[in-house]
Amino acid sequence: MSLLSKLFGKKNPALQKPNGEPKAFGELIAEITDGANLVEGKQTWELAEDKKHDLNYMKKCCDAELNTMNKAGIVPAPYYFERVAILSRKGKDYAQEVAYCKKYIEVVKDFYEANGAEGFADVRKGPRYKAIIKRLPKAKELLRKTLNK
């Protein structure tokens, strides 16, 4: 079953706007998930560039990605989790960096165990997922050093 079949099985949204234009994929996801993929009314990808240095927005985007996964069965994008990890390290909040890296790795593992990779983009093969995996040991080491002071 394709992703769209799964989504449309949950609700039956109109594929076109009232003016006849086709709806964007993100608009369909927002409609099907009752806005789970939105942060303050915007798609997470709309905030990716302008808010990439804002830790609070990136954390909200992580939450929206997790909510979308739970409601629509779409694997969360790694970008926001990586940004939270980067910004956390800059702020010397190693516990938060470790927590977000672990959370993303765990969620992705659980997602593919439950759904398989067929019909889904496999984020585990992408550079951002690999960057999150790679940074976790260093973050744990930095946290350990901080706690042992």
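Described in the following lines is the structure provided in the data block. (Residues numbered from 1 in each chain as written. Predicted model: local features only at pLDDT ≥ 70, side-chain atom pairs only at ≥ 80, totals over all residues. Heavy atoms only, no water.)

Relative to the assigned elements, aspartate 122 resides in the loop between helix H6 (94-115) and helix H7 (127-147). Within polar-contact distance, the side chain of aspartate 122 engages the side chain of arginine 124 at 2.7 Å. Sequence-distant contacts of aspartate 122, that is, excluding residues within four places in its chain, are made with Tyr112 and Ala117. (Helix = DSSP H or I, 4+ residues; strand = E, 2+ residues; numbered from the N terminus. Polar contact = N/O pair within 3.5 Å; in protein donor to acceptor, adjacent residues only side chain to side chain. Contact = heavy atoms within 4.5 Å.)

Moving on, we get to the packing of helix H4 (residues 55-72) against helix H5 (residues 79-90). Where H4 meets H5, the closest approach of the two axes is 8 Å, and the angle between their N-to-C directions is 150°. Considering their axes alone, H4 and H5 lie roughly antiparallel with respect to each other. Crossing hand, H4 versus H5: left-handed. On the side of H4, the interface is formed by Leu55, Met58, Lys59, Cys61, Cys62, Glu65 and Leu66, while H5 contributes Tyr79, Tyr80, Phe81, Arg83, Val84, Leu87 and Ser88. (Axes fitted to C-alpha atoms, helices over the stretch in contact; angles between N-to-C directions. Parallel < 35°, antiparallel > 145°, perpendicular 65-115°, else oblique. Left-handed = near helix turned anticlockwise from the far one by under 90°.)

Before going further, it helps to examine unusual backbone geometry. Negative phi characterises most residues that are not glycine, and trans characterises most peptide bonds. With phi around 50°, glutamate 40 is a residue other than glycine that occupies positive phi space. Relative to the assigned elements, glutamate 40 resides in the loop between strand S1 (38-39) and strand S2 (42-43). The exposure class of glutamate 40 is exposed, given its relative accessible area of 53%. A positive phi angle is found at lysine 92, which is not glycine, with a value near 60°. Considering the arrangement of structural elements, one finds lysine 92 in the loop between H5 and H6. We classify lysine 92 as exposed; its relative accessible area is 59%. (Buried < 20%, exposed > 50% of the residue type's maximum accessible area, 1.4 Å probe, protein only.)

It is at 12 Å that the axes of H4 and H6 come closest, and there the two elements cross at 20°. Between H4 and H6, the crossing angle belongs to the class labelled roughly parallel. Here H4 and H6 pass one another in a crossing that is left-handed. Contact residues: H4 offers Leu55, Lys59, Cys62, Leu66 and Met69, while H6 offers Gln96, Tyr100, Lys103, Val107 and Phe111. Class assignment for the residues of the contact of H4 with H6 results in seven nonpolar, one polar and two charged. (Nonpolar A, V, L, I, M, F, W, Y, C, P; charged D, E, K, R; others polar.)

Here we come to the nonpolar core. Ranked by size, the top nonpolar core spans 35 residues in total, and within it Met58, Tyr80, Phe81, Tyr104, Val108 and Tyr112 carry the most contacts. Where this core is concerned, the elements lending two or more residues are H4, H5, H6 and H7. Residue contributions to this core peak at ten residues, all from H6. Residues in contact with valine 108, not counting those within four places in the same chain, are Val75, Val123, Arg124 and Tyr129. (Core = buried A, V, L, I, M, F, W, Y, C linked by side-chain atoms within 4.5 Å.)

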